[in-house]
Amino acid sequence: MARRELPLVLAVVWLAACKDDITQTRPPNPQSVSVLTQHNDNTRAGWNDRETALTTSNVNPQQFGKVLTLTVDDQVYAQPLVAGHVHVSGGDHNVVYVATVSNTVYAFDGDDGTLYWSKNYSASGMRPPRNTDMTGACGGSYADFSGNIGMVGTPVIDAARQTLYVVARSTDGSAFVQHLHAVSLIDGGEVSGSPVAITATYPGNGDGSVNNVITFDGQRQNQRQGLTLVNGVVYVTFSSHCDWGPYHGWVLGYDAGTLQQRVIYNATPNGYAGGMWESGTGMAADAAGNLYVVAGNGTVGDSGDPTSLTNRGESALKLVPSGSTLQVASYFTPFDYQFLNDHDLDYGSVGALLIPNSSYYLTGGKDGYLYLLNADAMGGYQASANQVQQSVPLTISEMHCQLTYYRGSAQEFIYVWPENSPLRAIPFDRGSNLLDRQAELVFSAGGPTGHSGAMLEVSSDGSKDGTAILWASYAVSGDAEHDVSPGILRAFDAHDITRELWNNRQNLARDGSGMYAKFATPTIANGHVYLPTFSNQVVVYGLR
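Note that this is a predicted model, so its numbers are computed, not measured. (Residues numbered from 1 in each chain as written. Predicted model: local features only at pLDDT ≥ 70, side-chain atom pairs only at ≥ 80, totals over all residues. Heavy atoms only, no water.)

## Examining the layout of surface pockets
The line we're drawing: Every definition here rests on a 1 Å grid over the protein atoms only: cavities are sets of points where a 1.4 Å probe fits but cannot get out, pockets are open sets enclosed by protein on both sides within 12 Å along at least five of seven lines, and lining residues have some atom within 4 Å of a point. Grid points are joined across faces, edges and corners, and a volume is the space filled by probe spheres set on the points. Gly is put with the polar residues, along with every residue not named as nonpolar or charged; the nonpolar set is Ala, Val, Leu, Ile, Met, Phe, Trp, Tyr, Cys and Pro, and the charged set is Asp, Glu, Lys and Arg.
What the largest pocket holds in volume is close to 580 Å³. Considering the residues around the largest pocket, the lining is formed by 27 residues, among which Asp-144, Cys-242, Trp-277, Lys-366 and Glu-481 are closest to the centre. Broken down by class, the residue content of the lining of the largest pocket amounts to eight nonpolar, ten polar and nine charged.

Here it is as structure tokens:
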């Protein structure tokens, strides 16, 4: 039988139609939500309530999975950030920004993965520090990082200025410097005044002081928390590398427009330690510019007085800007702080949050407790018992994890998943302003082990039933404290966490992400989940 041929004119028309279909521009994403700071906003609640594409019905193994892989040059400790309506490459796009421990920032199209720009911000003639450069940390065998220690704390974006702020660390093997960079979202170029070297001095006779002055140490001070931007000031906080002293808990504030240093605060000027890290969660802030943070192991009080506002290690702090420093407006220190110090059970190992539209600050530590505090009257220090809003015992193991929050149409929940413990959804009762342990939901079918709990986020379309999803990332095996371990991403119905919707190991060949990024939070925005990893990539999940 002879082969039928299309008439020439019809063939040309058919080919042209096929070409138009093939080259048709991808339709724009109907969502353009921004995530400009660690855990979404300065409450650090970790809730994107404007997610319209992902629901409890379509996040399943059949419809949801890996859609993109964004390749970068090193491990990703920082949470990826997303800016919507960025005018780049001739149009307005959702752009995801990724910072790596090699001091490189990448700007990818958040919907199709196009790389718009990437730039390295190591100081001229220098490289990122490595774990082996921390020669005195952990007795000389420092393994909290497995390689480079460049950009670690999550950056922050000022949408009005179209500027991203990030701290880069550099060394030539002997000198160690840290710089705050302010770079353009459009092309990565440094803005006027950027970068600025991070330096500081503070009066005090504490650890490492010389002539009653404490000087910031660019090698020993670990910039681990996410940056905080509030009322035109970029705040940067610091902890340590494996308690390698001398070090202190510092809060430094820089003018977002000029990068001039405006604020210097030291939590333990007449003592030692007091580092701030909260499992990578950023320092919280309210609209008035008050700051909320927890300082870990360190000196409590001064001159034999544990209630002195000087030296507030092992304490939750409400800090109020006052001239060129911060004043402690309120604080809470556990009654057994000396025991916690002696046994390295840091208060502040848990990523804390301000419960939205309330006066409460929820914190936690390695002692296995959550502490619910009145943000304006935290409880101070009492030798016999803690005078706080509520103490919530969760586990006998340590806790290194991030808290997350969601408010539905009928209930609101706090979610927490420490290592070696089940996932919990604990209702917050607005009548009593307490966490309701009697009504909590528990998921105990597997979970994080070792020394890293889960990093949590929630996405929903407001409070609509059937849209709220709890996302959890953690090491599926091994001990992520000192090992690079394989990771897992799981999705649960946020109204009923006993119902798992999906995880990326159900179809490992298709959806696997590689190695878990310790304390690096996934970002949910515009129908996508951006999962940072230690496999030199950010894996993007969405509807397939």
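## Comments concerning unusual backbone geometry
Definition in use: The numbering of helices and of strands both runs from the N terminus, where a helix is a DSSP run of H or I of at least 4 residues and a strand a run of E of at least 2.
Following Ser-194, the chain continues into Pro-195 via a peptide bond in cis, with omega recorded as 0°. Its place among the elements puts Pro-195 in the loop between β9 (176-184) and β10 (196-197). Residue Pro-246 is bonded to the preceding Gly-245 through a cis peptide linkage, with omega at 0°. Within the secondary structure, Pro-246 is located in the loop between β14 (233-238) and β15 (250-255). Of note in this structure, His-39 is not a glycine but carries a positive phi near 60°. As for its placement among the helices and strands, His-39 is situated in the loop between α1 (8-23) and β1 (47-48). The backbone of Asn-536 sits at a positive phi, close to 55°, despite the residue not being glycine.

## Thoughts on empty space enclosed by the protein
Evaluated as defined, the whole model comprises four cavities of 30 Å³ or more. Counted as a void, the largest cavity has a volume near 80 Å³. Its residues assigned to classes, the lining of the largest cavity comprises seven nonpolar, three polar and four charged.

## Topic: the side chain of Thr-171
Quick reminder of the rule: Each residue is placed in one exposure class: buried if its accessible area under a 1.4 Å probe, protein chains only, is under 20% of its type's maximum, exposed if it is over 50%, and partly exposed if it falls in between. Polar contacts, as used here, are pairs of N or O atoms within 3.5 Å; protein pairs need one atom able to donate a hydrogen and one able to accept it. Residues neighboring in sequence count only if both atoms are side-chain atoms.
Along the polypeptide, Thr-171 turns up in strand β8 (residues 163-171). Residue classification places Thr-171 among the buried positions, given a relative accessible area of 0%. Among the polar contacts listed, one links the side chain of Thr-171 to the backbone nitrogen of Gly-173, at a separation of 2.9 Å. Within polar-contact distance, the side chain of Thr-171 engages the backbone oxygen of Ala-175 at 2.7 Å.

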